[in-house]
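Chain residues, written in single-letter form:
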Amino acid sequence: MMLPKAAWSLLLRKGGRGRRGMHSSEGTARGGGKTPPYTNCYAQRHYPMPEEPFCTELNAEQQALKEKEKGSWTLLTHAEKVALYRLQFNETFAEMNRRSNEWKTVMGYVFFFFGFAALVIWWQRVYMFPPKPITLTDEWKAKQLQRMLDMKVNPVQGLASRWDYEKKQWKK
Amino acid sequence: MLKPPARHRRRHAGAALRRCAVAATAQAGPRGLLHSSVHYEEFDARWVTYFNKPDTDAWEWRKGMNNTLVSYDLVPEPKIIDVALWACRRLNDFASAVRILEGVEDKAGPHKEIYPYVIQELRSTLNELGISTPEELGLDKM
């Protein structure tokens, strides 16, 4: 209601890939492999070999490649080797460990809520706080300071030592 | 699991390979805080035997890699990787062989000199089996 139309459409479009999807640097599917019906375990740095290969449903060409894998690997071409890797694993280590821009979102939320809290406290200060206690009023504080000087509080290095009692002013 | 102090790390053979006390698995007995090289040789021998079994199946191979070798706070010796690569050959699994090499580089972390050393030690096996490194396949880039 308060936002302009363009902002609303942007907000609604965000729901497509979700917050995390927004920041991922690589989002397109790789050609050639189909995702299996389900993956129970995604590979991670500390668990690099998942139970299921990434592509379990192979077309004829991929099955032929799998057969060729049973022979000598020196006969595999560069492209075939990459294809075998991609059939087995979804992401390489480099892709798995890539950084994301999620921290910017997180910091954004954090600062937003800092600001919101600040606004709430400001409102409270204006509308809710009771008047200052009598001891914090300027008049009382002046009298308090005068009494401290009369008592010569901390006369060696502290307060009274900085007051010039002859000229009745602070020492320069 | 305790790490040996920094001076012990430099002392052991295998140049840049760092070690730590072995974590508890079903196979490991109660290991104390020994940092002697005898301890490491036994560890290596155990793992070489594990992967050298002629009838290791894919599950056992994965278990050895995932739950243990990658979970330990160390980079496996080239000889362990060597027998693991041969096990991949027996299982006709080229992709996993490349994955191991990626894993070794990842395990080495900030110690960039470990991975080239391991590849250098494994070069003859890689050539013989026809395994390309992740760099040769362009899989180390995004």
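Residues numbered from 1 in each chain as written. Chains lettered and ligands numbered in written order. Predicted model: local features only at pLDDT ≥ 70, side-chain atom pairs only at ≥ 80, totals over all residues. Heavy atoms only, no water.

Moving on, we come to empty space enclosed by the protein. Overall, the coordinates contain one cavity of 30 Å³ or more when judged by the stated rule. Volume-wise, the largest cavity comes out at about 80 Å³. Residue lining of the largest cavity: Pro48(A), Met49(A), Met65(B), Leu69(B), Val70(B), Pro76(B), Ile81(B), Arg99(B), Ile100(B), Gly103(B), Val104(B) and Lys107(B), and that is the complete set. Contributing elements (two or more residues each) for the lining of the largest cavity: α3 (58-69) and α5 (94-108) of chain B. (1 Å grid on protein atoms, 1.4 Å probe; cavity = no way out; pocket = protein on both sides within 12 Å on 5 of 7 lines; lining within 4 Å. Points joined across faces, edges and corners; volume = space filled by probe spheres on them. Helix = DSSP H or I, 4+ residues; strand = E, 2+ residues; numbered from the N terminus.)

On to the packing of helix α4 (residues 78-90) of chain B against α5(B), then. Residues and elements named next belong to chain B. The geometry of α4 relative to α5 is characterised by a closest axis approach of 9 Å and an angle of 155° between their N-to-C directions. Looking at the two axes, α4 sits roughly antiparallel to α5. Between α4 and α5 the crossing geometry is right-handed. Listed contacts from α5 to Ile 81, Ala 84, Leu 85 and Cys 88 of α4 are Ser 96, Ala 97, Ile 100 and Val 104. In the contact of α4 with α5, the residues fall into seven nonpolar, one polar and no charged. (Axes fitted to C-alpha atoms, helices over the stretch in contact; angles between N-to-C directions. Parallel < 35°, antiparallel > 145°, perpendicular 65-115°, else oblique. Left-handed = near helix turned anticlockwise from the far one by under 90°. Contact = heavy atoms within 4.5 Å. Nonpolar A, V, L, I, M, F, W, Y, C, P; charged D, E, K, R; others polar.)

Each partner contributes residues to the interface: chain A has 32 residues there, and chain B has 32 residues. Carbon and sulfur atoms supply 60% of the area buried between chain A and chain B, which totals about 2,600 Å² over both sides. Counting across the interface, chain A meets chain B through one salt bridge. Seen at the junction of chain A and chain B, the total is 17 residue pairs in polar contact (both at pLDDT 80 or more). Looking at the side of chain A that touches chain B, the elements that each hand over two or more residues are α4 (78-88) and α5 (93-96) of chain A. Among the elements that line the side of chain A that touches chain B, the one with the most residues is α4(A), at seven residues. By residue class, the composition of the side of chain A that touches chain B is 14 nonpolar, nine polar and nine charged. (Buried area = accessible area lost by both parts, 1.4 Å probe. Salt bridge = Lys/Arg side-chain N within 4 Å of Asp/Glu carboxyl O. Polar contact = N/O pair within 3.5 Å; in protein donor to acceptor, adjacent residues only side chain to side chain.)

Take the UniProt feature "transmembrane region" (unreviewed entry) in chain A next. The feature "transmembrane region" (unreviewed entry), as given by UniProt, occupies residues 106-123 of chain A in the numbering adopted here. Helix makes up 100% of residues 106-123 of chain A and strand 0%, with an end-to-end C-alpha separation of 26 Å. (UniProt positions renumbered as here; feature names shortened; annotations may be inferred.)

Turning next to the side chain of Gln88(A). Relative to the elements of secondary structure, Gln88(A) occurs in helix α4. In this structure Gln88(A) comes out as buried when scored by relative accessible area, which is 14%. Residues in contact with Gln88(A), not counting those within four places in the same chain, are Glu52(A), Pro53(A), Phe54(A), Lys66(A), Asp93(B), Ala95(B) and Ser96(B). (Buried < 20%, exposed > 50% of the residue type's maximum accessible area, 1.4 Å probe, protein only.)

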